Each structure stands twice: as structure tokens, then as C-alpha cells.
Amino acid sequence: MTDTEKIILEKLDGLSQEMKETKEAAQRAEATANRAAEAAERAEATANRAAEAAERAEATANRALETADKALDVAVATQLILENDISKKIDIIGEGHDFLKGSLDRALQMECKREKMELEIISLRMDVNKIKKHLDIA
């Protein structure tokens, strides 16, 4: 083997070694790229789950707003019923109470007058009896 051939073989061995190292570096880079791709896929899956959770939260918030609107409508309807129906009925009951109270006062006054008249009649009877005894009529 000649010197040129030896140099060529040495160069080929060097090149082969460099190719091997380059291939290993490429494999490491590919493995790193694969791990990065897997991490990206996991991140995308996490982002998708977060987006789904956000959508569910938004739907829940919308339902809560609808429920609050319905509750407000019920409160307004209840307020209207209070103002229109119940307040009027309370006023009617109050007027009836005032009327009954006045009637009771008049009835009590009449009862007092009746009792006074009864006492007056008893007194007059006693006077008549005294007059009869005095006149010897009885």
C-alpha cells in the first residue's frame, strides 16, 4: 500500500468517524425534536382542555345571567302584584276596619244611652211607687 492510499484510507476513516459523529448528532437532534414535538402536543392538548373549560365556564356564566334575569323578572312581577293587588286590598281592609270601629263606637254609645234610659225608667217607677204609697193608691 502506498502512502497516498494510506492517506486516503486515513482520510476516509476520519470522514467515516465524522459521518458517524454527524449521524449521532443528527439522531440526538431528531430525538430532541421529537421530545419538543411531544411537548408541543401536550401543550396543545392542555390548551384545548383550557379552551373547553373556558367554554364551559362561559356557558355556566350565561346560564347564571339568564337565571338572574328570570329572578329579576319574578321580583318585578312580585313588586307589581304587591303594588297593584295587595296594597289595594290592604287599603280596603283598612277602610273596613275604620267603618267597623265607627260602628262599634256608635253601638257602644247607644248601649250607654239604653242603660241610662233603663236606670231612668227604674228611677221613675220608684218615684211612681212612692207617689202611689203616699196617695194610698197602691
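Residues numbered from 1 in each chain as written. Predicted model: local features only at pLDDT ≥ 70, side-chain atom pairs only at ≥ 80, totals over all residues. Heavy atoms only, no water.

(A) Highlighting the overall build of the chain. Across its full length, the chain holds one helix and zero strands. Against the 2.2 N^0.38 benchmark of 14 Å for 138 residues, the chain shows a C-alpha radius of gyration of 57 Å, more extended than a compact globule. In terms of its C-alpha atoms, the chain occupies a principal-axis envelope of roughly 190 × 25 × 10 Å. Going through the 138 residues of the chain one by one, you find that 1% of them count as buried. Here the chain displays about 12500 Å² of accessible surface, and carbon together with sulfur accounts for 61% of that area. Averaging the coordinates of the 22 positive side-chain charges in the chain and doing the same for the 29 negative ones gives two points 13 Å apart. (Helix = DSSP H or I, 4+ residues; strand = E, 2+ residues; numbered from the N terminus. Rg over C-alpha atoms; globule rule 2.2 N^0.38 Å. Buried < 20%, exposed > 50% of the residue type's maximum accessible area, 1.4 Å probe, protein only. Areas by Shrake-Rupley, 256 points an atom, 1.4 Å probe, with all protein chains shown as cover. Lys, Arg positive; Asp, Glu negative; His and termini not counted. Charge placed at Lys NZ, Arg CZ, Asp CG, Glu CD.)

(B) Looking closely at a nonpolar patch on the surface. Residues Met1, Ile8, Leu9, Leu12 and Leu15 make up a contiguous nonpolar surface patch of roughly 510 Å² in combined accessible area. As for its placement among the helices and strands, Leu9 is situated in helix H1 (residues 3-135). (Patch = residues over 30% accessible without salt bridge, like charges linked within 9 Å, V, L, I, M, F, W, Y side chains within 5 Å. Salt bridge = Lys/Arg side-chain N within 4 Å of Asp/Glu carboxyl O.)

(C) Structural view of the environment of Asp127. Here Asp127 shows up in helix H1. Taking the relative accessible area as the measure of exposure, Asp127 reaches 35% and is therefore partly exposed. C-alpha of Asp127 to C-alpha of Glu52: the two residues are 75 residues apart in sequence and 107 Å apart in space.

(D) Expanded view of the pattern of salt bridges. Summed over all chains, the structure comprises two salt bridges. In this structure, the salt-bridge partner of Glu111 is Arg114, at a minimum N-O distance of 2.6 Å. In this pair, Glu111 and Arg114 both sit in helix H1, three residues apart, roughly one turn of the helix. Taking relative accessible area as the criterion, Glu111 reaches 33% and is therefore assigned partly exposed. By relative accessible area, Arg114 is classed as partly exposed at 38%. Between Glu118 and Arg114 there is a salt bridge, and its shortest N-O distance comes to 2.1 Å. Highlighted residues: Glu118 and Arg114, both in helix H1, separated by four residues, approximately one helical turn. Exposure remark for Glu118: the relative accessible area of 39% places this residue in the partly exposed category. Residues joined by salt bridges that share partners form a network here, namely Glu111, Arg114 and Glu118.

(E) The arrangement of H1 in detail. Compared with the 198 Å implied by 1.5 Å per residue over 133 residues, the 189 Å span of H1 between its first and last C-alpha is a close match. The sharpest bend along H1 comes to roughly 35°, located at Leu82. (Expected span 1.5 Å × (residues − 1). Bend = angle between axes of the 7 residues up to and from the residue.)

Everything listed is a geometric property; what it means functionally is a separate question.
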